[in-house]
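An overview of the molecular structure
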Amino acid sequence: MHHDATVFVVDDDQAMRTSLQWLIESTGMSVQTFESADAFLANHYPGRAGCLLLDVRMPGMSGLELQSYLAREGYRLPVILITGHGDVSMAVKAMKAGAFDFIEKPFHDEDLLDSIRNALDYDERHRASQATRAQIAMRLAELTPREHEVMAMVTDGKSNKEIAAALGVSAKTVEAHRARVMEKMRAGSLAELVRMALIAAPESML
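If you check an unreviewed UniProt entry, the protein appears there as Response regulator transcription factor from Marichromatium bheemlicum.

**Observations regarding helix 9 (residues 190-200)**
Three or more residues of helix 9 are buried, namely Leu193, Met196, Ala197 and Ala200. The arc that holds every buried residue of helix 9, seen down its axis, measures 100°, which confines them to one face. The secondary structure elements touched by the buried residues of helix 9 are helix 5 (109-140), helix 6 (145-154) and helix 8 (171-184).

**With respect to the UniProt feature "modified residue: 4-aspartylphosphate" (unreviewed entry) in the protein**
The UniProt record annotates "modified residue: 4-aspartylphosphate" (unreviewed entry) at Asp55. One can find Asp55 in strand 3 (residues 50-55). Owing to a relative accessible area of 7%, Asp55 belongs among the buried residues under this scheme. The contacts of Asp55, once residues within four sequence positions are left out, are Val10, Asp11, Asp12, Gly63, Ile82 and Lys105.

**Remarks on the sheet that holds strand 2 (residues 30-34)**
Sheet strands line up and pair through hydrogen bonds in the backbone, either parallel or antiparallel. Taken in spatial order, the five strands of this open sheet run 2-1-3-4-5, and their pairing is parallel. The sheet is open, and its two edges are formed by strand 2 and strand 5 (101-104), each paired on a single side. The sheet shows a mean angle of 20° between the axes of neighbouring strands, taken without regard to direction. Where strand 4 (residues 79-83) meets strand 5, four bridges bridge the pair, whose relative direction is parallel. Its bridge partner lying in strand 5, Ile82 is registered against Ile103. Running at roughly 145° to strand 3, helix 3 (residues 63-72) makes contact with strand 3 and strand 4 of the sheet. Across the sheet, helix 5 is in contact with strand 1 (6-10), strand 3, strand 4 and strand 5; its angle to strand 3 comes to roughly 135°.

**Section: the packing of helix 7 (residues 160-167) against helix 8**
Two numbers describe a pair of packed helices, the interaxial angle and the distance between the axes. Interaxial distance between helix 7 and helix 8 falls to 8 Å at its minimum, and their mutual angle equals 105°. Taken together, the axes of helix 7 and helix 8 are roughly perpendicular relative to one another. Counting all contacts with helix 7, which are made through Asn160, Ile163 and Ala164, the residues of helix 8 involved are Ala171, Val174, Glu175 and Arg178. Residue composition of the contact of helix 7 with helix 8, grouped by class: four nonpolar, one polar and two charged.

**What about the nonpolar core?**
Among the nonpolar cores identified, the biggest contains 19 residues, and Val7, Ile24, Leu53 and Ile116 are the most heavily contacted of them. Of all elements in the fold, only strand 1, helix 1 (14-25), strand 3, strand 4 and helix 5 reach the threshold of two or more residues within this core. The leading source of residues in this core is helix 5, at five residues. Here Leu53 is in contact with Phe8, Val9, Val10, Leu20, Ile24, Ile80, Ile82, Leu112 and Ile116, once residues within four sequence places are set aside.

Parameters at a glance
- Residues numbered from 1 in each chain as written.
- Predicted model: local features only at pLDDT ≥ 70, side-chain atom pairs only at ≥ 80, totals over all residues.
- Heavy atoms only, no water.
- Buried < 20%, exposed > 50% of the residue type's maximum accessible area, 1.4 Å probe, protein only.
- Helix = DSSP H or I, 4+ residues; strand = E, 2+ residues; numbered from the N terminus.
- Arc of directions from axis to C-beta.
- Contact = heavy atoms within 4.5 Å.
- UniProt positions renumbered as here; feature names shortened; annotations may be inferred.
- Pairing = 2+ DSSP bridges.
- Axes fitted to C-alpha atoms, helices over the stretch in contact; angles between N-to-C directions.
- Parallel < 35°, antiparallel > 145°, perpendicular 65-115°, else oblique.
- Nonpolar A, V, L, I, M, F, W, Y, C, P; charged D, E, K, R; others polar.
- Core = buried A, V, L, I, M, F, W, Y, C linked by side-chain atoms within 4.5 Å.

Put into structure tokens, the structure is as follows:
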């Protein structure tokens, strides 16, 4: 169960909003509904866990326009679009632009719920990945320039002897740098250090 996640429903049709809220809440998920894209933007803040359920066609800012705006502003909520029969081509374009899924009216309740669960799972995984990346970035910031050089070569498979020759220092000095890198990065093994380097790329200098 996604205890901290919220399904944000944006639809100008009050009956549809009420129906969707009842359906989603019946599974134990948290729901917030909004009558327009502007209402959602006025009450939402970045960083909230969940997913966004959008009607494609709404007065004012449409669902597609809202999705485009959120992407430009760096919002990472998975977006599920609810489309009419004639809007499928638009929804496909939206998915190519980053939407998570689209559901065509009339839809089966379980199909919608499955899509929402998948979107919440995706959001949870993405947030965990971002947290891990941020933690690794903080550890990388503790390294000296020379320790960055040593880490880059170690995680590239170079031996202490090869690193020493490349840097013009003794193998013993390389061992000392390597030990400090392992300590500062909280790496229990070389394999773990390599995984951190892969996760950190391309943000890091590695």
